[in-house]
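Chains, contacts and geometry: an overview
What follows is the residue order along each chain.
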Amino acid sequence: LILSLLVGCAPKEASAQKSLFCMDTVMDLQIWGKDCQEALQALETMLLELEKTWSVSDHNSLLSALNRGEGKPNGEQQAFMEKAMELHSRTNGAFDPKLHHVVALWGFYDKNYRVPDPQELALALQEEAWDMGAVVKGYAGLLSTQILDRYEVSRAILNLGGNIQTYGQKADGTDWNIGIQDPAGEGYVGTLAVSGAMAVVTSGDYQRYFIEDDRLYHHILDPKTGIPVNNGINSVTVICADGTVADALSTALFVMGLEDGLRLWQRSEDFEAVFLMKNGTIYA
Ligand code: ADP
Ligand code: MG
């Protein structure tokens, strides 16, 4: 009886929540525990710093400077760039963090969409310049878990523009349930149960696209051709303890297609994946 009274009287755990617009997308941060406010502040500072560093539209960003042949990354930034290049090799070039000129040609930065002609594409493919768009939100998830480790917080759930980063477990000790969006509708095709520090990242053809002459052009490009990938995949979700890897791989598996993607999964130990095909088939 005393125990139940004590439990009944226990003060509710402190929590902090914030939504912000960052990296051209909406982010939702929710943190529980004694230091939730301080941790929230630290996460926000990190996110804004990452945006400032890797922005494609801000001429003062490190990324813009690097693409002009100027600027010098610090140790941490250098390590992130090297990790991106490792993921480039690991995916046989399907994830390519240097597609800046090609992405710009299609108008995905300024939303001045247009279909480039083949000569323009061939030229743009030869010019290498950084675009961390396919990996920076996942990297933000990884850095978030490292920041949360430094505070007294019991759990957190972060939605970094569709990249979900979990931390700890739900209050009742059960797993987090992360829904995989139905590309064709409003609901979810299913949920994934995850616990601890885990990244659940989806790349799909239904998030950023434009339509011209009845054709849909989305923002995940085949680095070999510079053209939006069209291989029967609607979305790929990757679950991985490392957010950077999850983000790069969700983009890469989308580009590689089901067969090559499954082969990469088979010879890897660090991630799981869910493919939603346009014909409705789900491979998990
Ligand atoms: P989102 O950022 O919408 O979550 P992705 O992580 O798949 O989706 O990243 C897509 C973005 O990455 C594009 O908007 C573009 O800037 C860039 N990009 C497009 N194709 C590739 C590719 N094959 N490899 C790396 N980056 C890419
Ligand atoms: Mg990605």
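Quick summary incoming for the structure in this document. Just so it is clear, the model here is predicted, and its values are computed rather than measured. (Residues numbered from 1 in each chain as written. Chains lettered and ligands numbered in written order. Predicted model: local features only at pLDDT ≥ 70, side-chain atom pairs only at ≥ 80, totals over all residues. Heavy atoms only, no water.)

Some words on the overall build of the chain
- Broken down by element type, the chain carries 8 helices and 12 strands.
- Taken over the C-alpha trace, the chain has a radius of gyration of 20 Å; the compact-globule value for 284 residues is 19 Å, and the two agree within 12%.
- Put simply, the chain has 284 residues, and 48% of those count as buried.
- By sequence separation, contacts in the chain at least 24 residues apart represent 59% of the contacts at least 6 residues apart.
- Between the mean site of the 21 positive side-chain charges and the mean site of the 38 negative ones, the chain shows a separation of 2 Å. (Helix = DSSP H or I, 4+ residues; strand = E, 2+ residues; numbered from the N terminus. Rg over C-alpha atoms; globule rule 2.2 N^0.38 Å. Buried < 20%, exposed > 50% of the residue type's maximum accessible area, 1.4 Å probe, protein only. Contact = heavy atoms within 4.5 Å. Lys, Arg positive; Asp, Glu negative; His and termini not counted. Charge placed at Lys NZ, Arg CZ, Asp CG, Glu CD.)

Let's talk about the layout of surface pockets
- Of the pockets and cavities examined, the largest pocket occupies roughly 1400 Å³.
- If you go around the largest pocket, you meet 49 residues; those closest to its centre are Gly133, Ala134, Lys137, Arg208 and His219.
- At the level of elements, α2 (36–54), α7 (136–149), β4 (163–167), β5 (176–181), β7 (198–204) and α8 (243–266) are the ones that each hand at least two residues to the lining of the largest pocket.
- With 5 residues, β5 is the single largest residue contributor to the lining of the largest pocket.
- Grouping the constituent residues of the lining of the largest pocket by class yields 25 nonpolar, 17 polar and 7 charged. (1 Å grid on protein atoms, 1.4 Å probe; cavity = no way out; pocket = protein on both sides within 12 Å on 5 of 7 lines; lining within 4 Å. Points joined across faces, edges and corners; volume = space filled by probe spheres on them. Nonpolar A, V, L, I, M, F, W, Y, C, P; charged D, E, K, R; others polar.)

Points about the pattern of salt bridges
- Going through the model one piece at a time under the given rule, you end up with 13 salt bridges.
- When the shortest N-O distance is used, the salt bridge between Arg68 and Glu70 registers 3.2 Å.
- Its salt-bridge partner being Arg90, residue Asp270 comes within 2.8 Å of it at the nearest N-O pair. On the criterion of sequence distance, the pair formed by Asp270 in the loop between α8 and β11 (271–277) and Arg90 in helix α4 (residues 75–90) is long-range, its members being 180 residues apart.
- One salt-bridge network, in which partners are shared between bridges, spans Asp24, Lys111 and Arg208. (Salt bridge = Lys/Arg side-chain N within 4 Å of Asp/Glu carboxyl O.)

Details of the side chain of Asp247
- Structurally, the position occupied by Asp247 is in helix α8.
- It turns out Asp247 is buried and unbridged, and the closest side chain with the opposite charge, Lys137, is 5.9 Å from it.

Side note on the coordination of the magnesium ion (ligand 2)
- Taken together, Ala134 (O), Asp247 (O), Asp247 (OD) and Thr251 (OG1) make up the full set of protein donors to the magnesium ion (ligand 2), lying 2.1 to 2.5 Å away.
- Counting residues between consecutive donors of the magnesium ion (ligand 2) along the chain gives the motif A-x112-D-x3-T. Here the residue Ala134 occupies a position in the loop between α6 (118–126) and α7, and Asp247 occupies one in helix α8, the gap between them amounting to 113 residues. (Donors = N, O, S within 2.8 Å, 3.2 Å for Na, K, Ca; no water.)

Focus: the site of ligand 1
- Taken together, 17 residues sit near ligand 1, with Asp96, Asp131, Ser203, Leu221 and Thr251 positioned nearest.
- At 2.9 Å from a nitrogen atom of ligand 1 is found a main-chain nitrogen or oxygen belonging to Asp96.
- The contact in question runs from an oxygen atom of ligand 1 to an N or O atom on the side chain of Thr251, over 2.8 Å.
- With the chains in place, 93% of the 570 Å² that ligand 1 exposes on its own is no longer accessible.
- When residues of the shell around ligand 1 are assigned to their parent elements, the largest contribution, 3 residues, is made by α8.
- For the shell around ligand 1, the residue count by class is 9 nonpolar, 4 polar and 4 charged. (Near = heavy atom within 4 Å. Polar contact = N/O pair within 3.5 Å; in protein donor to acceptor, adjacent residues only side chain to side chain. Areas by Shrake-Rupley, 256 points an atom, 1.4 Å probe, with all protein chains shown as cover.)

Side note on α2
- In this model, α2 (19 residues) spans 27 Å end to end at C-alpha, consistent with the 27 Å of a helix rising 1.5 Å per residue.
- Where α2 is concerned, the buried positions are Cys36, Ala39, Leu40, Ala42, Leu43, Glu44, Met46, Leu47, Leu50, Thr53 and Trp54.
- In this structure, the buried residues of α2 make contact with β1 (15–22), β2 (25–32), α3 (62–67), α4, α7 and β3 (155–160). (Expected span 1.5 Å × (residues − 1).)

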